[in-house]
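Summary of structural features
Chain residues, written in single-letter form:
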Amino acid sequence: MLPYQRHLKPYARRLRRDMTDAEHRLWQCLRRKQLDGVQFYRQKPIGRYIVDFYGPAVDLVIELDGGQPFTVEGRARDRLRDAFLASQGLRVLRFDDRQVLLETAAVLEVLLRAIRERRG
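So, a few notes on the structure that sits alongside this text. Keep in mind the model is a prediction, meaning the values are calculated, not measured. (Residues numbered from 1 in each chain as written. Predicted model: local features only at pLDDT ≥ 70, side-chain atom pairs only at ≥ 80, totals over all residues. Heavy atoms only, no water.)

**A look at the pairing of strand E1 (residues 41-46)**
Just so we agree on the cut-off: At least two bridges found by DSSP between two strands is the condition for calling them paired. To qualify as a helix, a DSSP run of H or I must reach at least 4 residues; to qualify as a strand, a run of E must reach at least 2; elements of each kind are numbered from the N terminus.
Pairing between E1 and strand E2 (residues 49-55): 5 bridges, direction antiparallel. Its bridge partner lying in E2, Ile46 is registered against Tyr49. Where E1 folds back onto E2 in an antiparallel hairpin, the turn is made up of 2 residues, including Gly47, whose phi is positive at roughly 60 degrees.

**What about the pairing of strand E3 (residues 60-65)?**
Consecutive side chains of a regular strand alternate in pointing toward one face of the sheet and then the other. So the rule is basically this: Relative accessibility thresholds used throughout: buried, under 20% of the residue-type maximum; exposed, over 50%; partly exposed, between the two (1.4 Å probe, protein chains only).
For E3, the buried fraction is high: 6 of the 6 residues fall into the buried class. What you see with E3 is no split at all: Leu60, Ile62 and Leu64 on one side and Val61, Glu63 and Asp65 on the other are buried throughout. Bridge count for E2 against E3 is 3 bridges, and the pairing is antiparallel. Paired with Tyr54 across the two strands is Val61, which belongs to E3. Linking two consecutive strands that pair antiparallel, namely E2 and E3, is a turn of 4 residues; a positive phi of about 45 degrees is found at Asp59 within it. Relative to strand E4 (residues 91-96), E3 runs parallel, the two being bridged by 6 bridges. Opposite Glu63, over in E4, you have Arg94 as the bridge partner.

**Concerning the sheet that holds E4**
Heads up, the condition is: In this analysis, axes come from line fits to C-alpha atoms, helices being fitted only over the stretch in contact, and the angle between any two N-to-C directions falls in the range 0 to 180 degrees. Every residue pair with non-hydrogen atoms within 4.5 Å of one another is taken to be in contact.
The mixed open sheet is built from 4 strands, whose spatial order is E1-E2-E3-E4. Strands with a single pairing partner mark the edges of an open sheet, and in this sheet they are E1 and E4. Strand-to-strand twist across the sheet, computed as the mean angle between neighbouring axes with direction ignored, equals 45 degrees. In the packing of helix H3 (residues 72-87) onto the sheet, contacts are made with E1, E2, E3 and E4, and the angle to E2 comes to roughly 55 degrees.

These values are about where atoms sit, not about what they do.
Rendered as structure tokens:
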């Protein structure tokens, strides 16, 4: 199990309860091992971060971005976050909310390809 900061658990629970429309849409496609049999968890604490979706069997993190990552500060924070996650052996895939909502099938195809690559 990857290390995480315990004080993040209540916040992660709240994020699970208050998912965005895009998170909800993607979760409906990921839950119950629907995508190539891979178990995903939502709003999972890893280190000092809470990732949107995490598939431990393939060391894959999926992040959905709303408006904030498109600022200079948001991109800088994402780079630090992604670097930490990569240092833990995780691959991070990022999609913006609009992609998930309007191009769900294309997003799932990218995810499926990544899962199969990670499996070798």
